[in-house]
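Commentary on secondary and tertiary structure
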Amino acid sequence: MKTDYITSGSTLPPYLAYPRFLLGMNIRLTAKEVYAIMLDMTLNSDMVQTDKRGRRYLAFYNKTIAEIIDRTPSTVAQSLRELEVVGLVEKKLIALHTPYHIYIKLPAGENEP
């Protein structure tokens, strides 16, 4: 990879938003990485869908994110369970043999000044 110094005219390459509230959370780094990727997908992807109440969600198999972060689907599943426990993800099973609807949530009040 070729690198260069950052100057006042530098532009950033594509990047993921990493919410500051994740820094202080007691969850594994992989769960934080999965959350950041899903947050980006929810805000910027054509994979996002909207339910009848206007809430955005993702419908995918764990293999999709596993390939992005070079981990196994079971690692992604474990990360999703961690994120569910802390309330940042809500999974809804719609039908057997279909992907879960995964709602990515934000902590209440985090977007206020």
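Since the structure is predicted, the reported quantities are computational estimates derived from the model, not experimental observations.

One can find Asn-26 in the segment before helix H1 (29–44). Here the alpha-carbon distance between Asn-26 and Glu-82, two residues 56 residues apart in the chain, equals 9.7 Å.

One open sheet accounts for four strands, arranged E1-E2-E4-E3; its pairing is antiparallel. Two strands close off the open sheet at either side, each with one partner strand: strand E1 (48–50) and strand E3 (89–92). Adjacent strand axes in the sheet meet at a mean angle of 35°, parallel and antiparallel pairs treated alike. In this sheet, strand E4 (residues 101–104) lies alongside E3 in antiparallel orientation, the contact comprising four bridges. Bridged to Lys-92 within E4 is His-101. The strands that helix H3 (residues 73–85) touches are E3 and E4; relative to E3, the one it contacts most, it runs at about 115°.

Attention now moves to the environment of Leu-29. Residue placement: Leu-29 occurs in helix H1. Between the C-alpha atom of Leu-29 and that of Ser-79, which follows or precedes it by 50 residues, the distance is 9.1 Å.

Looking now at the packing of aromatic side chains. One pass over the full model with this rule turns up two aromatic pairs. Here the aromatic rings of Phe-21 and Tyr-35 are separated by 5.9 Å at their centres, their planes lie at 75°, and the arrangement is edge-to-face. Pair noted here: Phe-21 is in the segment before H1 and Tyr-35 is in helix H1, with a separation of 14 residues, a long-range link. Grouping residues by exposure puts Phe-21 and Tyr-35 together as buried. Pairing Tyr-57 with Tyr-103 gives two aromatic rings, centres 5.5 Å apart and planes at 45°, and the pair type is tilted. Linking Tyr-57 in strand E2 (residues 56–59) with Tyr-103 in strand E4, this pair joins segments that are 46 residues apart in sequence. Judged by its relative accessible area of 8%, Tyr-57 is buried. Directly above the ring of Tyr-103 sits Arg-55, whose terminal nitrogen or CZ lies 4.9 Å from the centroid. It is Lys-91 that lies over the ring of Tyr-100; its NZ or CZ is 4.4 Å from the centre.

The next point concerns the pattern of salt bridges. The final tally for this structure, using the stated rule, is five salt bridges. The salt bridge partner of Lys-105 is Glu-90, with a shortest N-O separation of 3.5 Å. A residue pair is termed long-range when its members are at least 10 positions apart, and Lys-105 in the segment after E4 and Glu-90 in strand E3 qualify at 15 residues. Three or more residues are tied together by salt bridges with common partners; here these are Glu-90, Lys-92 and Lys-105.

The rules we used
- Residues numbered from 1 in each chain as written.
- Predicted model: local features only at pLDDT ≥ 70, side-chain atom pairs only at ≥ 80, totals over all residues.
- Heavy atoms only, no water.
- Helix = DSSP H or I, 4+ residues; strand = E, 2+ residues; numbered from the N terminus.
- Pairing = 2+ DSSP bridges.
- Axes fitted to C-alpha atoms, helices over the stretch in contact; angles between N-to-C directions.
- Contact = heavy atoms within 4.5 Å.
- Phe/Tyr/Trp six-rings, centres within 6.5 Å; stacked < 30°, edge-to-face > 60°.
- Buried < 20%, exposed > 50% of the residue type's maximum accessible area, 1.4 Å probe, protein only.
- Lys NZ or Arg CZ within 6 Å of the ring centre and 35° of its normal.
- Salt bridge = Lys/Arg side-chain N within 4 Å of Asp/Glu carboxyl O.

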